[in-house]
Amino acid sequence: MEMETVKLSAIVMRWYPDMMPFLKQDELNSVIVLRDGLSILEPADAMDIIHYSICEHQNPAYLQ
């Protein structure tokens, strides 16, 4: 398998479409590089990617 680049929205739509309304557009537009491609991504791994992407888009001023 080779690397594949997808938007976070593709991952969310495949495994957790009910989360779409709760994610911001900039989060959904995040570009994710998957080492082994989207086809073998497991749901738990997808959730980890979603969680990390949300954390990456947090405003540090709100977290202090």
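A.B. asks: Explain the overall build of the protein chain to me, and be specific about the residues and the numbers.
C.D. replies: Summing up its helical and strand segments, the protein chain has 3 helices and 2 strands in all. Overall, the protein chain shows an N-to-C arrangement of helices and strands of β-α-α-β-α. Sorting the 64 residues of the protein chain into buried and exposed places 30% on the buried side. Expressed as a percentage of contacts within the protein chain between residues at least 6 apart in sequence, the contacts between residues at least 24 apart total 71%. Carbon together with sulfur atoms contributes 57% to the accessible area of the protein chain, which is approximately 4600 Å² in total.

A.B. asks: For the pattern of salt bridges, give the residues involved together with the corresponding values.
C.D. replies: One pass over the structure, following the stated rule, counts 1 salt bridge. Among the salt bridges present, the one from Arg35 reaches Asp36, with a minimum N-O distance of 3.5 Å. A relative accessible area of 64% means that Arg35 is categorised as exposed.

A.B. asks: For the nonpolar core, give the residues involved together with the corresponding values.
C.D. replies: Among the nonpolar cores identified, the biggest contains 15 residues, and Ile11, Leu34 and Leu41 are the most heavily contacted of them. At the level of elements, helix H1 (8-15), strand E2 (31-34) and helix H3 (43-56) are the ones that each hand at least two residues to this core. With 4 residues, the top contributor of residues to this core is H1. Beyond its immediate chain neighbours, meaning those up to four positions away, Leu41 contacts Ile11, Trp15, Leu34, Ala46 and Ile49.

A.B. asks: Kindly report on the side chain of Ser30, identifying the contributing residues and their values.
C.D. replies: By secondary structure assignment, the location of Ser30 is in the loop between helix H2 (25-28) and E2. Owing to a relative accessible area of 10%, Ser30 belongs among the buried residues under this scheme. Among the polar contacts listed, one links the side chain of Ser30 to the backbone oxygen of Asp26, at a separation of 3.3 Å. Reaching out from Ser30, the side chain makes a polar contact with the side chain of His57 at a distance of 3.3 Å. Those residues within four positions of Ser30 in sequence are excluded, and the remaining contacts are Val6, Lys7, Leu8 and His57.

A.B. asks: So, H1: which residues are in play, and what are the values?
C.D. replies: Along H1, the residues classified as buried are Leu8, Ile11, Val12 and Trp15. The arc that holds every buried residue of H1, seen down its axis, measures 95°, which confines them to one face. Considering only its buried residues, H1 is in contact with strand E1 (4-7), H2, E2 and H3.

What counts as what
- Residues numbered from 1 in each chain as written.
- Predicted model: local features only at pLDDT ≥ 70, side-chain atom pairs only at ≥ 80, totals over all residues.
- Heavy atoms only, no water.
- Helix = DSSP H or I, 4+ residues; strand = E, 2+ residues; numbered from the N terminus.
- Buried < 20%, exposed > 50% of the residue type's maximum accessible area, 1.4 Å probe, protein only.
- Contact = heavy atoms within 4.5 Å.
- Areas by Shrake-Rupley, 256 points an atom, 1.4 Å probe, with all protein chains shown as cover.
- Salt bridge = Lys/Arg side-chain N within 4 Å of Asp/Glu carboxyl O.
- Core = buried A, V, L, I, M, F, W, Y, C linked by side-chain atoms within 4.5 Å.
- Polar contact = N/O pair within 3.5 Å; in protein donor to acceptor, adjacent residues only side chain to side chain.
- Arc of directions from axis to C-beta.

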